[in-house]
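# Secondary and tertiary structure notes
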Amino acid sequence: MGQGFSAIFYRDLLLAFRHRGEIANPVIFFFIVVTLVPLGLTPEASRLAQIAPGILWVMALLASLLSVEGLFQSDYRDGTLEQLLISPQPLYLMVLAKVLVHWLITGLPLTLLAPLLGMMLSLPKAGYLPLVLSLFMGTAVLSLIGAIGAALTVALRKGGLLLSLIVMPLYMPVLIFGANTVQRAVDGFPVAGPMAIMGALLAVSLLISPFATVGALRVSMHG
Amino acid sequence: MSPQTVIFSLDSLAFERDDKLLFANINLAMSSGEIVQVEGPNGCGKTTLLRIISTALSPTSGELRWHGQPVTRCRLEYLQNLFFLGHQPGLKQSLSPEENLHWWRRMNTNDSQLGNREVLASIGLCGYEDVPCYTLSAGQQRRAALARLLITKAPLWVLDEPFTAIDKQGVAQLEQLLMGHVARGGMVVLSTHQDLGIDAVRRISLPLMAEVS
């Protein structure tokens, strides 16, 4: 039962390891933007602190969006997606394994780097823990939702723009509540509320998104 | 099981793409020990037909039957008995043949005792087990994919152009493999433009219908 999951999980981790240069891209992108913001806007700590939560969250969202496009593309081109679809293992778990690897190589590094980047944007101390926690859950939601869009557009030659259009509206709540969590913490309010909503978003997308992705993959392959 | 029993059949399959009929009324009944070669000019839908048999694609009308039951009802059982090698070999280019065999083996049910290295050696990839697949030639890549034939226990093999890019010796070896499989009671559906060196191959021809309609 879990064999398909572990087979795909280890295979994709190994593949990610072989393509180290590519997986560094979202992190580098994140770094570059955060370095440029003080130069382009203002280096003044008090003003940076105001916009830091929003900037960090928008960048995490864009970094995830940029990387999710390739989630199924190489599998589609080399025929391994076909092998996945006709394997007697549950597709739900195999898709979940792929998404988990995607999160491990994009969302998790961003989450772990976030405090450092927060420091570069002079994020007030109270914001660090909520930032890390909200990114931890939020980036996982972004990967799960992005997978649906990636599966829908996998068979298209130039699906990038369409993918953004499909996925963006679904990303909005994550961005709103994620940035809000950090903002509230910075302003000294309790963050349990928005944090709970992030958790709920994660739970729902964890349950539903792999099903939707499996369905979308079948539609794409039958096209 | 007597050789006359129909195990796998296609029931008046038809497939339309973009409102064009690719093929229609394809019927086939297979019992154990048979090889069926799908023939036809380029673009007549051989790959499509094989992908329908693999369930990666659904037919516009008609159905597949496994032991008389529609495959849509016994999908899991059917998939456990199916081996499919498509047009794309399904190899991860940056993984080595051995790693490719490893993940494929874990994703599919098989209880073969053969080790990955033995399998690759007997398919002619000795010494290439650990190099990334993108450094291999087209023929070697095909061999790396065909190595799965040696470990699968599935009785129904569906192979799309298995002889592409393979040298004469490899073709002979593959033919031996196919004959051994049907001698053990297996079934093979394959598409190829080559004349097989195997007797008793049934052929079904797909006419080029897209132009006619």
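Structure's up top.
These numbers come from a predicted model, not from an experiment. (Residues numbered from 1 in each chain as written. Chains lettered and ligands numbered in written order. Predicted model: local features only at pLDDT ≥ 70, side-chain atom pairs only at ≥ 80, totals over all residues. Heavy atoms only, no water.)

### Considering the interface of chain B and chain A
Each partner contributes residues to the interface: chain B has 29 residues there, and chain A has 29 residues. In this assembly, chain B packs against chain A so that about 2500 Å² is buried in total across both faces, 54% of it on carbon and sulfur atoms. When residues of chain B are sorted by the area they lose upon contact with chain A, Lys 92, Arg 106 and Met 107 of chain B head the list and together hold 30% of the total. Seen at the junction of chain B and chain A, the total is four salt bridges. A salt bridge links Lys 92 of chain B to Asp 78 of chain A; the nearest nitrogen and oxygen atoms lie 3.1 Å apart. In this assembly, chain B and chain A are joined by 13 residue pairs in polar contact (both at pLDDT 80 or more). Where the side of chain B that touches chain A is concerned, the elements lending two or more residues are helix H2 (75-80), strand E6 (82-85) and helix H3 (97-107) of chain B. Looking at which element gives the most residues to the side of chain B that touches chain A, the answer is H3 of chain B, with five residues. Its residues placed into classes, the side of chain B that touches chain A shows 12 nonpolar, 11 polar and six charged. (Contact = heavy atoms within 4.5 Å. Buried area = accessible area lost by both parts, 1.4 Å probe. Salt bridge = Lys/Arg side-chain N within 4 Å of Asp/Glu carboxyl O. Polar contact = N/O pair within 3.5 Å; in protein donor to acceptor, adjacent residues only side chain to side chain. Helix = DSSP H or I, 4+ residues; strand = E, 2+ residues; numbered from the N terminus. Nonpolar A, V, L, I, M, F, W, Y, C, P; charged D, E, K, R; others polar.)

### Considering helix H10 (residues 192-222) of chain A
Residue and element names in this part refer to chain A. Here H10 contains 31 residues, and its C-alpha end-to-end distance of 44 Å stays within 8% of the 45 Å for a straight helix at 1.5 Å per residue. At Ser 205, H10 is bent by approximately 35°, the largest bend along its length. Taken residue by residue, H10 has Pro 194, Met 195, Met 198, Ser 205, Ser 209, Pro 210, Thr 213, Val 214, Ala 216, Leu 217, Ser 220 and Met 221 as its buried positions. (Expected span 1.5 Å × (residues − 1). Bend = angle between axes of the 7 residues up to and from the residue. Buried < 20%, exposed > 50% of the residue type's maximum accessible area, 1.4 Å probe, protein only.)

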